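Residue strings, one per chain:
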Amino acid sequence: MALTIHPFSPSKTPTAITTISEFPRNPKSLILQQCKTTRDLNQIHAHLIKTRLLHRPAVAENLLESAAILLPDAMDYALSIFRQIDQPDASAYNVMIRGLVYKKSNWDAIVLFEKMWENLVQPDEFTFPSVLKACSRRGILCEGEMIHAQIVKCGFGPNGFVENTLIHMYASCGDLEAARQLFDGMSQRDVMTWNSMLSGYAKNERWEEVVKLFRRMQELGIQFNDVTMISALTASGRVGDLELGKWINGYIEANGLKGSLALATSLVDMYAKCGQVDTARRLFDQMDRRDVVAWSAMISGYSQVNRCREALDLFKEMQESNVEPNEVTMVSVLYSCAVLGALETGKWVHFYLKKKKMKLTVSLGTALIDFYAKCGSIDSSIEVFDEMSRRNVFSWTAFIQGLASNGEGLKALEYFKLMQEENIKPNDVTFIGALSACSHAGLVEEGRNIFISMSKDYGIKPRIEHYGCMVDILGRAGLIQEAYEFTKNMPIQPNAIIWRTLLASCKAHKNVEIGEESLKQIIQLEPAHSGDYILLSNLYASVGRRGDALEVRNQIKEKRIKKAPGCTLIELDGEVHEFFAEDKAYPNSKEIYNATEEMMKQIKSAGYVPNMADARLDAEEDDKEASVSHHSEKLAIAFGLIRTAPGTTIRISKNLRVCTDCHNATKMISKVFQREIVVRDRNRFHHFKGGSCSCNDYW
């Protein structure tokens, strides 16, 4: 008989026809190698029925393998063939179970295994690894334990391949103790066994255990492979074990394994996570080829050490290299955009995600929420949050923190309550967001209740950050004495940040005695910062003690305390521009300074009065006004005014707490130039509009 096979072609162009003059007695190669489409399978199936060759188990299994594993979208066909077999043996079941697992129909694979058991078909050593893999993927420990019992009953317990799969199943289902017990009980362990245990620890993020187990392999002289080293390098990066990472690097070089893309990428990732970003970049540049994982590892490395400009530059190179980014890439890029306040770049990333129809996963959604919130675009954060079909505690936390830092304290608390109603258990960071919301909204009692609820209802022990939030809540509300007592009675030693928070409250509410004590405590805890002295100086000035105010400022000069340089970022047309106070090295600086002078002139006419107390400490009396006028945020705002259309919102990011003069000036600029201005400083967001600020002049 002549059988004609029509090779698959997606086009309508006529294709060559392969003619087989005689159907072979053993059709295995024909079925497995030349059967390319369901149509081919139909023809062969019909012939096997006609010639009764289908009744041969080996032939039927070949047909099943072609349909269940080799051909796409032919699983239903495979099931129909399987049902026509009168008494399928273990091999037929094995093919079907393997095919279902391969096609990710893991539950169906488990059900078919149970059917096999019910039909008294004895499983063999090839049955259990596939069905255990299905249990691993579904995370069904109880089913896995039952199958383990059946393995022992069938006498396959000592089988190395089966034991390796059991270790993987227990580890994947979270029972690492059972996995380790199996591992320790094995009389012989090959590299696959060690890899299964290492992989189990890695999957459960037990990185220290991965490192310990790998070192044990070294001690015993166990030969390892690429998979082993990738697990060990990943763990080295997570725990910061640079010594082990370097040893593996040396081993790779000594054994000529640098050509492995996976190993090279793991090295880049390890060095980046250990803070050796320049070494990671050198290795990255040496790679002959780079896939999306390699690019993502390097971009992530830059973002983790806040070298965010370089992260975005590398992302641009990645696009020019025509490498499609994945979810990991986008999360790192969005983080970098958030740090830089690069709203336009981040918005382009969001557009790209939509264009490519990438699923809004929990990780991507959370990154977008955080990005928009840190760029002061809280309405966009709300839109993303509402679009997410699934949210975890990190999504809720990022959203609550974003609302709080953007002055939406009441709304943040509404979502905090809604989170609990939806049975999402808040973590310690969520409580920082909720307490910050109380602080910004002036909700003292709510803050007290949330602080108590942490340990009482959720068993979360307050950290220094939570105590700091409570000091801020009490201090903002003018309860300075209570805030001081709270600080003194803390079960852990207050740090300089807490005393600095109290000092800021003392300045706002003119409490000199506790303000003086706060500065004393700060000086004892860490090197002095000029900002702390300036706060006390301004406090003295606010209560009429100008002599003391001058004395404090003189101390700054005498002790040669240097002020951190003010730096402000503004993004325009996808490019981030950086300004420093009184810096004229910037391109077009003459144009920018002229624009700044004109801006200051106009707001002066509207009633703005410069606050000379915020001038550079070493500025001469005649230079103080110029010093104040040329703070980095004023330069950035002036640049925004001349480079954007009227009515456009101006967004800037400042590395320090915004000073009183710049705060007053920005309020006036928003009114005179009819612009909304969003300023992110070290502590929070300030949304300026029509001459007022969202912080209500308390920051």
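Residues numbered from 1 in each chain as written. Predicted model: local features only at pLDDT ≥ 70, side-chain atom pairs only at ≥ 80, totals over all residues. Heavy atoms only, no water.

Observations concerning the overall build of the protein
No. 1: Helices and strands together make up the secondary structure of the protein, namely 36 helices and 8 strands.
No. 2: In terms of overall dimensions, the protein has a C-alpha envelope of 110 × 60 × 55 Å along the principal axes.
No. 3: Evaluated residue by residue, the protein yields a buried proportion of 51% over its 699 residues.
No. 4: Across the protein, every contact between residues at least 6 apart in sequence was considered, and the portion connecting residues at least 24 apart equals 61%.
No. 5: With the model as given, the accessible surface of the protein reaches about 34000 Å², and the carbon-plus-sulfur share is 49%.
No. 6: Mean positive and mean negative side-chain charge positions of the protein (83 and 86 charges, respectively) differ by 2 Å. (Helix = DSSP H or I, 4+ residues; strand = E, 2+ residues; numbered from the N terminus. Buried < 20%, exposed > 50% of the residue type's maximum accessible area, 1.4 Å probe, protein only. Contact = heavy atoms within 4.5 Å. Areas by Shrake-Rupley, 256 points an atom, 1.4 Å probe, with all protein chains shown as cover. Lys, Arg positive; Asp, Glu negative; His and termini not counted. Charge placed at Lys NZ, Arg CZ, Asp CG, Glu CD.)

Thoughts on the pattern of salt bridges
No. 1: Counted under the stated rule, the structure contains 27 salt bridges.
No. 2: Across the pair Asp269 and Lys273 runs a salt bridge, and its minimum N-O distance is 2.6 Å. One end of the pair is Asp269 and the other is Lys273, both in helix H15 (residues 261-273) and 4 residues apart, which spans about a single turn.
No. 3: Judged by its relative accessible area of 14%, Asp269 is buried.
No. 4: Asp548 serves as the salt-bridge partner of Arg545, at 2.7 Å between the closest nitrogen and oxygen. (Salt bridge = Lys/Arg side-chain N within 4 Å of Asp/Glu carboxyl O.)

Re helix H23 (residues 393-405)
No. 1: The end-to-end C-alpha distance of H23 is 18 Å, a good match for the 18 Å that 13 residues give at a rise of 1.5 Å each.
No. 2: Taken across its 13 residues, H23 has 11 buried, putting it largely inside the fold.
No. 3: Those residues of H23 that sit buried are Val393, Ser395, Trp396, Thr397, Ala398, Phe399, Ile400, Gly402, Leu403, Ala404 and Ser405.
No. 4: Contacts made by the buried residues of H23 are with helix H21 (362-374), helix H22 (378-387), helix H24 (409-421), helix H25 (428-441) and strand S7 (685-689). (Expected span 1.5 Å × (residues − 1).)

Some thoughts on the packing of aromatic side chains
No. 1: Counted according to the given criterion, the structure contains 24 aromatic pairs.
No. 2: Taken together, a centroid distance of 4.7 Å and an interplanar angle of 50° make the contact between Phe371 and Tyr372 tilted.
No. 3: Judged by relative accessible area, Phe371 falls into the buried class, the value being 0%.
No. 4: Owing to a relative accessible area of 5%, Tyr372 belongs among the buried residues under this scheme.
No. 5: One Lys or Arg, Arg189, reaches over the ring of Phe183 and ends 4.5 Å from the middle of that ring.
No. 6: Over the ring of Trp207 we find Arg238, and its NZ or CZ is 5.1 Å from the ring centre. (Phe/Tyr/Trp six-rings, centres within 6.5 Å; stacked < 30°, edge-to-face > 60°. Lys NZ or Arg CZ within 6 Å of the ring centre and 35° of its normal.)

Here we look at the sheet that holds strand S3 (residues 567-572)
No. 1: If you walk across this open sheet you meet the 6 strands as S4-S3-S5-S6-S7-S8, and the pairing is mixed. Only two strands of the sheet have a single neighbouring strand rather than two, namely strand S4 (575-580) and strand S8 (692-693).
No. 2: The pairing of S7 with S8 spans 2 bridges and is classified as antiparallel. For Lys689, the partnering residue across the bridge sits in S8 and is Ser692. (Pairing = 2+ DSSP bridges.)

Observations regarding the confidence of the model for the protein
No. 1: The share of residues in the protein with pLDDT of 70 or more is 94%, and the mean pLDDT across the chain is 88.
No. 2: Under a pLDDT of 50 for its full length, residues 1-21 has, in the predicted model, 37 contacts with residues more than four places off or in other chains. (pLDDT = per-residue confidence, 0-100.)

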